[in-house]
Amino acid sequence: MAAQDAMPLEALSDSSRQRPAGSFDEFSPYPPIADYAFLSDCEVTALVAPSGSVEWMCLPTMDGPSVFGAMLDRDAGWFRFGPDDVQVPSDRRYLPGTMVLETSWDCGQGWLVVRECLVMGPWQHDHPHGSTHIRPPTDYDAEHMLLRTVRCVDGQAQLTLDCVPAFDYGRQHARWRHTERGYTQAVIEPEGLDLALTLTSDIRLGLEGSGARGRTLLKEGETRFCALSWGRRVPESYEDAYKRLVWTAHHWQHWLARGRFPDHRWRSHLMRSALTLKGLIFAPTGAIAAAATTSLPETPGGERNWDYRYTWMRDGTFALWGLYTLGFEWEASDYFAFLCDLVERDRGDLQIVYGIDGRRDLDERVLDHLNGYQGARPVRIGNAAYQQAQHDVWGVVLDSIYLHTKSRDRLDDRVWKMARHQVERALERWRDPDRGIWEVRGEPKHFTSSKLMCWVAADRGARLATLREDKDLARTWRKAADEIHADICAHALDERGVFCQHYDTTALDASLLLMPLLRFLPPDDPRIRATVLAIADELTRDGLVLRYQVDETDDGLSGEEGTFTICSFWLVSALTEIGEHQRARDICEKVLSYASPLLLYGEEIDPRSGRHLGNFPQAFTHLALINAVMHVIRKEQAAQRRAMGREVPESEN
């Protein structure tokens, strides 16, 4: 892979770029998905290949058109900064507790260390008109700059800079021009787009059409920098660039220090998951993007390619649980405020997915000009799921309100009004079929998970009504919750006493692992135990969990898919709930071992190869990781206290 990755793009023939569906090409020029590093300034995200090339970045927001899109087509824009003749680094890591990436290179005659980040700086907006933020301002903000620095720590090495943006998902190219600063700065402004990029460096830049390139020999102790800016600020020197990088690193460390992380061997996984979730939060609104990318395939070379740069309502409960558990109340409050804004605005027509700015229309389009990651087509932008009817949305909203209210011990009139309306909608529609939590594109069914979430809406609504001392409404909603509960138990169980995917099948579905987590039945109920163990034994490959069997589910698509990592973490949590602590810990250990070298996760894992599939990094997966790891840690801690003769609270048994 290293040799192919080092080839000039011009040398790749059309035949080498096209590949049959079904398996990854051993000689693909695309790095494995898990080998990408993730950068963020909470407005823009970037993915960096091991070669030192930024191969995915969208501007001016993380769901905007790509400027660097080589991850989906090798001609769709890239920005490499690294040694001239080495493509495989000796080591990569994040500076501890940060989103600053450090890459070390053995160049034969010398060593280079590259550090890079999307820069954070102090808040500088004097007036709301100068900012897109609608949440309470903080002490920091994105500086709209990708910054890269390098130091030669030993010997000498040739360094190259190669910045070739391709705007609007590779459909538009423009020409660089030098500024009045001469060889050390260039600007590119695509026609018709309200976007200009400024490349500033202490390396002399040569301009070749849409490419800005530079090269220099670094000797021991020497440094260089380059910065790509889409705002007003640019570094004036290496010293200035270094200060901005240090400020960014300290920002992330200070943010992480606000969290509560147990002293445990899995602490690093929790901390990286927290940083990744923070990086996927769109700071101006508080929304959490499901992932940083679009159209990374769930099936190698297949058609299961979706745009995940949006915010799903169903993430709400897990996001709030994860953020509150780790002590990040500010982020939880901002996300809850975003959800409330949507519920209040769209009270009669709540969607399952929105833009990170709250927009409703996410029209799905296919980009035929892009070859796709390792030939996986189509490449999609937008997501047609926004038009689907999915009945889990009301339960998600109510559970989110319930979690938020427990953290605040109050329920104000605005939130209560929204809660009432969402419960009423759930009770109006719970008997209707829908497309389920997995957004299948087959025929609507009476999905058990959807009925479950309608029960959650009524159950949490009744609890909130009790808190408001509205006894009549609490009684009415409790009766409705009992009716939904009885309906699920009457129609979703098979002959073994196992809950099934929908009312017309005996197929299993991993979403039903949520039943004990949402307290549909007590964890020791035989039906819950049978369901969890059936999924663990029958819906897994090499111990990792599938969403469902594709040959038993009409999802409107062809081809296989990998195991869903979120479902594997759900299994850990569910096994812990039913008392299978050793099995839960073993599976958790196994799934954590599949983390990327930088402790990131995509959506799926191929159990045969261990390679990550789907969009990357995946917020929902990291949220489920937090839930699962905390389940196991709490059980371990309770067992330790029992072993030492200390009393254990009933809630931990």
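Everything numeric here is computed off the predicted structure, so don't read it as measured data.

Student: An account of the overall build of the chain is needed here, citing residue identities and associated values.
Tutor: Scanning the chain from N- to C-terminus turns up 16 helices and 26 strands. For 653 residues, the compact-globule formula gives about 26 Å, and the C-alpha radius of gyration of the chain, at 25 Å, lands near that figure. Dimensions of the chain, computed from the C-alpha atoms along their principal axes, are close to 75 × 60 × 55 Å. Relative to its 653 residues, the chain shows a buried fraction of 64%. Taking all contacts inside the chain whose residues are at least 6 apart in sequence as the whole, residues at least 24 apart take part in 67%. By element, 47% of the accessible surface of the chain is carried by carbon and sulfur atoms, the whole surface being about 25000 Å². Between the mean site of the 75 positive side-chain charges and the mean site of the 97 negative ones, the chain shows a separation of 3 Å.

Student: Now, about helix α4 (residues 238-257): what can you tell me, with residues and values included?
Tutor: Spanning 20 residues, α4 covers 28 Å between terminal C-alpha atoms, matching the ideal 28 Å at 1.5 Å per step. Taken together, the buried positions of α4 are Y238, D240, A241, R244, L245, T248, A249, H251, W252, W255 and L256. In this structure, the buried residues of α4 make contact with β1 (37-40), β8 (110-122), β9 (140-164), β15 (223-229), α5 (267-280) and α7 (329-345).

Student: Hey, could you go over the side chain of T285 for me, with residue numbers and the actual values?
Tutor: Along the chain, T285 falls in the loop between β16 (281-282) and β17 (287-288). A distance of 2.6 Å separates a polar atom in the side chain of T285 from the backbone oxygen of I356.

Student: Give me the packing of helix α6 (residues 315-325) against α7: which residues, what numbers.
Tutor: Where α6 contacts α7, the two axes come as close as 8 Å, and the packing angle between them is 160 degrees. Comparing the axis directions of α6 and α7 gives the class roughly antiparallel. Every pair of crossing elements has a handedness; the one defined by α6 and α7 is left-handed. Residues D315, G316, A319, L320, L323 and Y324 of α6 lie in contact with α7, whose contacting residues are E329, E331, A332, Y335, F336 and L339. Residues of the contact of α6 with α7, tallied by class, amount to eight nonpolar, one polar and three charged.

Student: Just give me the short version of the pattern of salt bridges, but keep the residues and values in it.
Tutor: All told, the structure shown has 44 salt bridges when counted by the stated rule. Between E589 and R265 there is a salt bridge, with its nearest N and O atoms 3.7 Å apart. With E589 in helix α15 (residues 581-593) and R265 in the loop between α4 and α5, this residue pair connects regions lying 324 residues apart in the sequence. The class of E589 is partly exposed, set by a relative accessible area of 39%. D346 serves as the salt-bridge partner of R360, at 2.9 Å between the closest nitrogen and oxygen. Placement of the pair is R360 in the loop between β19 (353-354) and β20 (365-366) and D346 in the loop between α7 and β19, with a sequence separation of 14 residues.

Student: So what's going on with the packing of α6 against helix α8 (residues 392-408)? Residues and values would help.
Tutor: It is the contact of α6 with α8, at a shortest axis distance of 8 Å, that shows an interaxial angle of 20 degrees. Judged by the inter-axis angle, α6 sits roughly parallel to α8. Handedness of the α6/α8 crossing: left-handed. Of the residues in α8, those touching α6 at G316, T317, L320, W321 and Y324 are V396, D399, S400, L403, H404, S407 and R408.

Student: So what's going on with the environment of L473? Residues and values would help.
Tutor: With respect to the secondary-structure elements, L473 resides in helix α11 (residues 471-491). Sequence separation of L473 and R641 is 168 residues, and the distance between their C-alpha atoms is 42 Å. Non-local contacts of L473, meaning those with residues more than four positions away in its chain, are made with W416, R420 and A465.

Student: Hey, could you go over the confidence of the model for the chain for me, with residue numbers and the actual values?
Tutor: Mean pLDDT over the chain works out to 91, with 93% of the residues at or above the 70 mark. Contacts from residues 1-24, a stretch scored under 50 in pLDDT, to residues over four places away or in other chains number 45 contacts.

Conventions we followed
Residues numbered from 1 in each chain as written. Predicted model: local features only at pLDDT ≥ 70, side-chain atom pairs only at ≥ 80, totals over all residues. Heavy atoms only, no water. Helix = DSSP H or I, 4+ residues; strand = E, 2+ residues; numbered from the N terminus. Rg over C-alpha atoms; globule rule 2.2 N^0.38 Å. Buried < 20%, exposed > 50% of the residue type's maximum accessible area, 1.4 Å probe, protein only. Contact = heavy atoms within 4.5 Å. Areas by Shrake-Rupley, 256 points an atom, 1.4 Å probe, with all protein chains shown as cover. Lys, Arg positive; Asp, Glu negative; His and termini not counted. Charge placed at Lys NZ, Arg CZ, Asp CG, Glu CD. Expected span 1.5 Å × (residues − 1). Polar contact = N/O pair within 3.5 Å; in protein donor to acceptor, adjacent residues only side chain to side chain. Axes fitted to C-alpha atoms, helices over the stretch in contact; angles between N-to-C directions. Parallel < 35°, antiparallel > 145°, perpendicular 65-115°, else oblique. Left-handed = near helix turned anticlockwise from the far one by under 90°. Nonpolar A, V, L, I, M, F, W, Y, C, P; charged D, E, K, R; others polar. Salt bridge = Lys/Arg side-chain N within 4 Å of Asp/Glu carboxyl O. pLDDT = per-residue confidence, 0-100.

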